[in-house]
Amino acid sequence: MKSYAKYWFLVLLLLVVSCADNLLVASQLASPTIAFTISLIASLAGWVWLVKTIQKDRDQITTYIRNPELKRPGYQRKNFFGGVFAEAIQKIEESDTELVSTKQIKTMLKARLNTLLKKEMMREAVLESLDCGILVFDAQHMLEFSNSAAKDFLIPESNQCENYSDSSLSLSKTLINDAVIPELAKLLAKTIERKDATLRRRTEFDFTSNGATSHYRAVATNLRDENQTILGTVMVVENIGEENVEKTRHAEFVSSVAHELKTPMSGIKAYVEMLIDGECDAEEAQELYGFINDQIDRLTRLVNSMLNLARIESGVVEIKRQDYELNDILKTAADVISPNATEKEITFVTELSDLYLPVFVDKDMLGQAIINLLSNAVKYTPNGHEVRLRSRMEDASAVIEVRDTGLGIPENSLPHIFDRFYRVPENNRSASGTGLGLSLVHFIVTNVHNGSISVQSKVNEGTCFTVTIPLGHKDKKRKRHVEPSASV
Amino acid sequence: MAPLIYVCDDDSHIVRAISMKLRKAGFEVECFPDGFACWEKMQQRAPHMIITDLQMPRMNGLELCGKIRTFPETQTIPVTLLTGKGYEFDHDEYIETLKITNVMVKPFSPKKLLTQVQESLNLTNDVTG
């Protein structure tokens, strides 16, 4: 049935009933009362049918519209409102499609947002994990981000005042708001003012944090997009205190090496000049040639020991560990040092264990380490005192002790005694050195032989270095039986 | 009487070379292994000039100069400082504050050292005794 058909059908029905009534009354087949009653009943029945149809249509429309799940019942075109309803349904169906695509976009955006949030969290975690301070300023020069390493360079809000602004800076007002320490505020201002050339500037400054003063380097870089529009400025602040200490130590080491090399060179030059000038008689000349020879030997030893250290530490030297008896190595080392001790009138005592101490070592390297320890003991022990070399067995280890009654090492120097280039300031003047000897000993004992080394010392009483090496030969068959009754 | 010169250096070869050169030029030379030994001797007998190394045990060259300049009896004695240090040592500062007459950087020429000694003592020719 087409649209409005029900309505026209009803009008037609009423017209037909009305005409039938008129015919019945005119032909006197029925009284006017009966005709009126028939007409009334027909009208009422027609109206009831129409109202019910409209109600049914309304329910259908309601069901169609008020359904959040978008589950639309089949559209029945036999509807009182016909085309209007059809049009409305079409619109609703179109909006349904749009809604579905909107929902998909929403889900997609949510996923994208989550990914971006995760990435941002990752970036923040990376920045937080850095030891150097990171400060990011936006294009308006306001602090936008700072990691925890940079918190010391921020001025707490309670302390922010105009004192920190530099009146000479055009950006002073902004800088107060940024609330960073004056050194960084100045750097920021200078970097922002830099329009071209390199986009970064750097500064170095001393800064005290938690009572400790250190040296810092700050590098500020302007950030720009592809259109060269300034996005902001990033500042990286690094603590270069350690780096500077290392540089100073290295410079001191080079200076120390130069001094050590120049001393024999001075002797050689002086002697050679005198020989060239013919100031010496034959006997004196012969003596000077001998001295020159000695000084060249000294230079050679010095250069060799430096190269040796560099080669051992860098792993260039091949480690040749073999089965040895420890006391044999100690005796050889003692023989090398003995003349030095005698020259300095130092009593040199060797108390080696009666036991056979089997070790699996690089003979030359361990020997060098013991010579270094003994040489130090002799160098830092005054004339007339004593140096003692001992060996013993302790559990599964061979223990070597180098003890002296010399100057001793102050307590604050003990933790640094094996550091490269470190020399005890108090004893620096007592003997020349490069600060490499003990560093090499430590490397040989711990890295090459899996042993350990410790030091005990008291100023003006003496020092004792204790070296522990794992006991035993690699080739077990060759390991000799140890006499239990033997004493150290 | 030949001028007396004290030579301080912990390196025996440098001391030997300098003293040989100066003695041959007619000076009286006394040698010390460190600044402290030199300072002790100076209190008994003041020299005409001192040649000292910078880095020495017990008392270094600068400390020795400081002592010398503190006491009226020794404060006018010319001092030549020998040093193995190069650029890292601020010669001018010490020349100014400790009134060091000359600084000679190792390795040095004994001939030049002798000339400087003679100039410091206002001697134009070799001292013959």
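All figures in this text were calculated on a predicted structure; none of them were measured in a lab.

### Concerning the overall build of chain A
Here comes step 1: In terms of regular secondary structure, chain A is built from 10 helices and 12 strands.
Here comes step 2: Per-residue burial over chain A gives 22% buried out of 488 residues.
Here comes step 3: Partitioning the intrachain contacts of chain A with sequence separation of at least 6 by distance along the chain shows that 59% fall at a separation of at least 24.

### Looking at the nonpolar core
Here comes step 1: Membership of the largest hydrophobic core comes to 41 residues, with the highest contact counts inside it found for I5(B), Y6(B), V7(B) and I18(B).
Here comes step 2: With 6 residues, helix α1 (residues 12-24) of chain B is the single largest residue contributor to this core.
Here comes step 3: With residues up to four places along the chain from it excluded, the contact list for V7(B) reads V15(B), I18(B), S19(B), V29(B), C31(B) and I51(B).
Here comes step 4: Within the second largest apolar cluster, 40 residues are counted, among which are L326(A), L330(A), I337(A) and A398(A).

### Here we look at helix α2 (residues 35-44) of chain B
Residue and element names in this part refer to chain B.
Here comes step 1: Turning to α2, its buried residues are G35, C38, W39 and M42. Buried positions in α2, seen along its axis, are confined to an arc of 100° and lie on one side of it. Away from the buried face of α2 by more than 90 degrees, exposed residues E40 and Q44 are located.

### Side note on the confidence of the model for chain B
Residue and element names in this part refer to chain B.
Here comes step 1: Of all residues in chain B, 91% have pLDDT values of 70 or greater, and the mean over the chain is 85.
Here comes step 2: In the predicted structure, residues 124-129 sits below a pLDDT of 50 and forms 10 contacts with residues beyond four places in sequence or in another chain.
Here comes step 3: Both confidence scores are given for the complex: pTM 0.55, ipTM 0.87.

### Describing the pairing of strand β4 (residues 212-224) of chain A
All names here are of chain A.
Here comes step 1: Of the strand pairs in this sheet, strand β3 (residues 200-209) and β4 are connected by 10 bridges, and their pairing is antiparallel. By the bridge assignment for β4, R202 is matched with V219.
Here comes step 2: Between the antiparallel neighbours β3 and β4 lie 2 residues, among them N210 with a positive phi of about 50°.
Here comes step 3: Bridge analysis of β4 against strand β5 (residues 230-239) gives 9 bridges, and the strand direction is antiparallel. Across the sheet, the residue bridging to A220 is M235, located in β5.
Here comes step 4: Counting the residues between successive antiparallel strands, the hairpin from β4 to β5 contains 5 residues, one of them, Q228, with a positive phi of roughly 65°.

### Quick word on helix α8 (residues 326-343) of chain A
Residues and elements named next belong to chain A.
Here comes step 1: With 18 residues, α8 extends 27 Å from end C-alpha to end C-alpha; this agrees with the ideal 26 Å at 1.5 Å per step.
Here comes step 2: At I337, α8 shows its strongest bend, of approximately 35°, with the proline P339 following within four residues.
Here comes step 3: What α8 keeps buried is the set L326, N327, I329, L330, A333, A334, I337 and A341.
Here comes step 4: Trailing α8 by a residue or two, E345 shows a phi angle of about 55°, which is positive.

### Thoughts on the packing of α2(B) against helix α3 (residues 61-70) of chain B
The relative placement of two packed helices is expressed as an angle between their axes plus a distance between the axes.
Residue and element names in this part refer to chain B.
Here comes step 1: Where α2 meets α3, the closest approach of the two axes is 9 Å, and the angle between their N-to-C directions is 20°. The angle between α2 and α3 falls in the class roughly parallel. The handedness of the crossing between α2 and α3 is right-handed. Along its contact with α2, which presents G35, C38 and W39, the element α3 presents G61, E63, L64 and K67.
Here comes step 2: Here the residues of the contact of α2 with α3 are counted per class, giving 3 nonpolar, 2 polar and 2 charged.

### Brief notes about the sheet that holds strand β11 (residues 452-458) of chain A
Residue and element names in this part refer to chain A.
Here comes step 1: Spatial strand order, β7-β9-β10-β12-β11: 5 strands in an open sheet with mixed pairing. Each having just a single partner strand, β7 (347-351) and β11 make up the two edges of the open sheet. Direction aside, the axes of adjacent strands within the sheet are offset by 15° on average.
Here comes step 2: Across 8 bridges, the pairing between strand β9 (residues 386-394) and strand β10 (residues 397-404) is antiparallel. In the strand pairing of β10, R388 is matched with R403.
Here comes step 3: Where α8 meets the sheet, its contacts fall on β7, β9 and β10, and the angle it forms with β9 comes to roughly 175°.
Here comes step 4: Against the sheet, helix α10 (residues 437-448) engages β11 and β12 (462-470), with an angle of about 140° to β11.

How each quantity is defined
Residues numbered from 1 in each chain as written. Chains lettered and ligands numbered in written order. Predicted model: local features only at pLDDT ≥ 70, side-chain atom pairs only at ≥ 80, totals over all residues. Helix = DSSP H or I, 4+ residues; strand = E, 2+ residues; numbered from the N terminus. Buried ≥ 20, exposed ≤ 12 C-beta atoms within 10 Å, placed from the backbone. Contact = placed C-beta atoms within 7 Å. Core = buried A, V, L, I, M, F, W, Y, C linked by C-beta atoms within 7 Å. Arc of directions from axis to C-beta. pLDDT = per-residue confidence, 0-100. Pairing = 2+ DSSP bridges. Expected span 1.5 Å × (residues − 1). Bend = angle between axes of the 7 residues up to and from the residue. Axes fitted to C-alpha atoms, helices over the stretch in contact; angles between N-to-C directions. Parallel < 35°, antiparallel > 145°, perpendicular 65-115°, else oblique. Left-handed = near helix turned anticlockwise from the far one by under 90°. Nonpolar A, V, L, I, M, F, W, Y, C, P; charged D, E, K, R; others polar.

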